[in-house]
Amino acid sequence: MQFPESWLRALVDPPIGTQELAHLLTMSGLEVESCVPVAPGFSGVVVARVLSVQRHPNAERLSLCTVDAGQGEALAIVCGAPNVAPDMKVPCALPGAMLPGKDGAPFEIRKVTMRGIESAGMLCSARELGLSDDHSGLLTLAAQASVGADLRQVLGLDDHVFLLKLTPNRADCLSLLGVAREVAALTGAGVRPPETPPVPARGDSTFPVRIAAARACGRFGARVIRNVDATAPVPEWMKRRLERAGQRSISALVDVTNYVMLELGQPLHVYDLDKLAGGIEVRFGREGESLKLLNEQTVSIDGSVLCITDGSGPIGLAGIMGGNSTKAGFATRNILLESAFFAPEAIAGRARRYNFASDASHRFERGVDFGNCVASIERATRLILDVCGGEPGPVTDTQGELPVRSTVRMRVARARRVIGVPVDTREIAGIFDRLGFAHRLEGAGDAESFEVTPPSHRFDIAIEADLIEEVARVHGFERIPAHPPRAAAAMRARSESQRTLHALRRILAERDYREVISHSFVDAGWEADFAANGEPIRLANPIANHLEVMRSTLIGSLVASLRYNQNRDIERVRVFEVARVYLRDATAQAGPLQLAGLRQPMRVAAAACGAALPAQWGTARRDVDFYDVKADLAALLPPGEARYEPAPHPALHPGRSARVFIGGAPAGWIGELHPRWQRKYELAGPALVFEIDAQPLLQVPIPRYREVSRFPPVVRDCAVVVPNAVPWQDLLGALNEARPAAVQDIRLFDLYRGQGVDAGGKSLAFRVVMQDTSRTLTDEEADAVMAGLSEILAVRFGAKVRA
């Protein structure tokens, strides 16, 4: 919203300066994006009348002008402007005048001699005064301008242009009257709204109007005005206000409608009465209809677009733009003036559908004062009669379904708690009075509340929070003290048996992984490919077409990150993500951070592709493999062995995937990405991934003291042959369960298949470390321990000791 300060002060004139006014508006929520003077500073420039013009005797392109500048005697001024002519009124910079310079520094006008002739001043163009870039000739002033008058006063140049950056809810401030109401509420100054007395009808001419879409068009005011002069010149004061408000002067009729729209916030439209066929009907469009608009664009209309129609069909898009067939031009003699209210939901989005916007649609889709339609017609009628003349008929006010302004309750105690200061009840009542809100106080003490009915121009007041915001704004945000938050902070000891998610992130980062953060919303195709999830949790209102479901696995996001980096010639990629997934679970109960029927576990996932190690001279290049990523996963696991069991997964390579168990419970998956997905998602080579629940990774055993032996350990190896189907982890688990106190560690160090081992079998070699804290173990004791361990394997798994 752009407007000159002088126009605003004509409606409300608080006793504060320009900058203070701009600051006040910004602090109340109407952000002043800019506040600039309409003209740069200059002085000593007056209105002058050219008395005579003669050719300069010594220069073909210069003229010698005699001018009356109100100084008591005629001045001789040399001028090079091509449009200088006798009797025209122009700006004249007298000797001693200060004009804006090109570098920003002012320069002084002095008497100078030009080609042998003394020039006592300078006649100015608009560019020389800094008013515009036009330097084609002298700035022509109105014939009514008084000779000798200060140009700044004549053109109203001691003015500023405000540009407000309004939020969508403040449609009431898309007019000077709305901003004036706001300033009055903030400062207590009185508002002087434009006078809109009924203009007496000078005839009985009316035009039939019918509203077929009553909910979309709540009101349609119309007035016939005959015998207008559409070619009448626009008054300078109106043209100046419109230009400073960002509107180009077009014609008297159009300028009047734009002026009333800016002043009162009510978009108007003027039809050429003689071009209308039959009565006007407001209805929704029909398939196959089209309309050529005022901007020369032809649009197709369907049943969702509200139209103004007559006997010939659509003649305008309601609340957006009029049609070309019935527009008022310079030849127009009889007009129909329209002032209507269209429901925001009937207008919103329609203009954007046709790839343009208009001042009318910008206002109607946010909400226009439906109680101001008739007053706007009266105001526009008076201006048209003053400028163009004419014979007005009576105003017809056809009504459909107008919005109902529901009462909103605001609890005083709630308002004080939200605002943070104890605003007095009487001050709150005064704020509502200044805002023009009808209200009544009910209850007493802590039960006090206001029942408030918003006016017709405030579409943004619908709930209690809206009223609290109004009280805070007008009370003044700067009056609300800024206290740092205070709370009873208790130092909580961190459990030694629990580590944080950040600790897991740090472990992966130390192993050369980079963390990624991606959307929890993913493509439904990812869910089908990487989780075989045919019924993902769908979003009711996705932010993009390809982000339509909630993810149940992190693998898709990591694969997308691998592809993104490989497309940018990064061959070695190692990424991880710590985030939630979203799973349907009928047993899940509702809680403070949980929805019934939905589990949201935290998971840790990582993916790697390319070289196992950065390029170096010490090691030959090799691709990352299953065991590299398994080692990275093992670094995350708490002390104790996890189990890996071969199992199929929809995202992983058959035969190269395993399920991870921690503490006997399934916790996640590890493996190589399925070749099908590698090809589909255009990865340069095999990718290894793991995904595991974060919760079991956060539990770590508390460190316990164990005496360190001073005696040498005894190390023995035991190689046994078992069938291929027997997992080595079962053997290791059995050994650990039965190991005596003297055994400190048991590890698998070799796997062998081949000569000397029966077909269908394998040789597993375990290293057993024995040590006592009180003495050195004898060979007999060590042999007895090894014999006992071998017997356990033989009994439980049929293992044979390999010589």
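Reference entry: report on the structure contained in this document.

Parameters at a glance
- Residues numbered from 1 in each chain as written.
- Predicted model: local features only at pLDDT ≥ 70, side-chain atom pairs only at ≥ 80, totals over all residues.
- Heavy atoms only, no water.
- Buried < 20%, exposed > 50% of the residue type's maximum accessible area, 1.4 Å probe, protein only.
- Helix = DSSP H or I, 4+ residues; strand = E, 2+ residues; numbered from the N terminus.
- Pairing = 2+ DSSP bridges.
- Axes fitted to C-alpha atoms, helices over the stretch in contact; angles between N-to-C directions.
- Contact = heavy atoms within 4.5 Å.
- Salt bridge = Lys/Arg side-chain N within 4 Å of Asp/Glu carboxyl O.
- Phe/Tyr/Trp six-rings, centres within 6.5 Å; stacked < 30°, edge-to-face > 60°.
- Lys NZ or Arg CZ within 6 Å of the ring centre and 35° of its normal.

### Looking at the pairing of strand β5 (residues 75-79)
Extensive coverage of β5 is indicated by the burial of 4 of its 5 residues. Pairing between strand β4 (residues 63-68) and β5: 5 bridges, direction antiparallel. Bridge pairing in β5 places threonine 66 opposite alanine 76. Between β4 and β5, which pair antiparallel and follow one another directly, the connecting turn spans 6 residues, one of which, glycine 70, has a positive phi of 75°.

### Remarks on the sheet that holds strand β26 (residues 449-453)
Reading across from one edge, β24-β26-β25 is the order of the 3 strands in this open sheet, with antiparallel pairing throughout. The sheet terminates laterally at β24 (408-411) and β25 (438-442), the two strands that pair on one side only. Taken pair by pair, the neighbouring strands of this sheet meet at an average axis angle of 25°, ignoring direction. The pairing of β25 with β26 spans 5 bridges and is antiparallel. By the bridge assignment, leucine 441 is partnered in β26 with phenylalanine 450. Running over the sheet, helix α11 (residues 412-419) touches β24 and β26 and is turned about 65° from β24.

### A closer look at unusual backbone geometry
Unusually for a residue other than glycine, arginine 115 sits at a positive phi of about 55°. Relative to the elements of secondary structure, arginine 115 occurs in the loop between β8 (112-114) and β9 (117-119). Within the chain, aspartate 512 stands out as a residue other than glycine whose phi angle is a positive 75°. With respect to the secondary-structure elements, aspartate 512 resides in the loop between α14 (501-510) and β27 (514-515). Taking relative accessible area as the criterion, aspartate 512 reaches 34% and is therefore assigned partly exposed.

### Remarks on the pattern of salt bridges
All chains considered together, the criterion is met by 52 salt bridges. Between aspartate 717 and arginine 767 there is a salt bridge; the shortest N-O distance is 2.9 Å. With aspartate 717 in strand β39 (residues 714-723) and arginine 767 in strand β41 (residues 761-770), this residue pair connects regions lying 50 residues apart in the sequence. The partly exposed category is assigned to arginine 767, whose relative accessible area is 36%.

### A look at the packing of aromatic side chains
In this structure the tally under the stated criterion is 12 aromatic pairs. Ring geometry for phenylalanine 342 versus phenylalanine 364: centroids 5.1 Å apart, planes at 70°, classification edge-to-face. Residue phenylalanine 342 is found in strand β21 (residues 335-342), and its partner phenylalanine 364 is found in helix α9 (residues 359-364); the two are separated by 22 residues along the sequence. Across the pair, phenylalanine 364 and phenylalanine 342 agree in class, each one buried. Relative to phenylalanine 437, the ring of phenylalanine 432 has its centre 6.1 Å away and its plane inclined at 25°; by these criteria the two rings are stacked. Classification of phenylalanine 432 by relative accessible area gives buried; the value is 0%. By relative accessible area, which is 2% here, phenylalanine 437 ends up buried. Among the aromatic residues, those joined into a ring-pair cluster are Trp7, Trp237 and Tyr259. Here the guanidinium or amino end of lysine 630 rests over the ring plane of tyrosine 644, the centre of that ring lying 4.5 Å away. One residue, arginine 767, lies across the ring of phenylalanine 749, its end atom 4.5 Å from the ring centre.

### Brief notes about the sheet that holds strand β11 (residues 160-165)
Two orientations exist for strands paired in a sheet by backbone hydrogen bonds: parallel and antiparallel. Within the open sheet, the 3 strands sit side by side as β1-β11-β2. Their pairing is antiparallel. Edge strands, defined here as strands with exactly one partner in the open sheet, are β1 (2-4) and β2 (31-37). Taken pair by pair, the neighbouring strands of this sheet meet at an average axis angle of 20°, ignoring direction. The sheet contact formed by β2 and β11 spans 6 bridges and is antiparallel. Within β11, the residue paired with glutamate 31 across the bridge is lysine 165. Across the sheet, helix α2 (residues 18-27) touches β2 and β11, and the angle it forms with β2 is around 165°.

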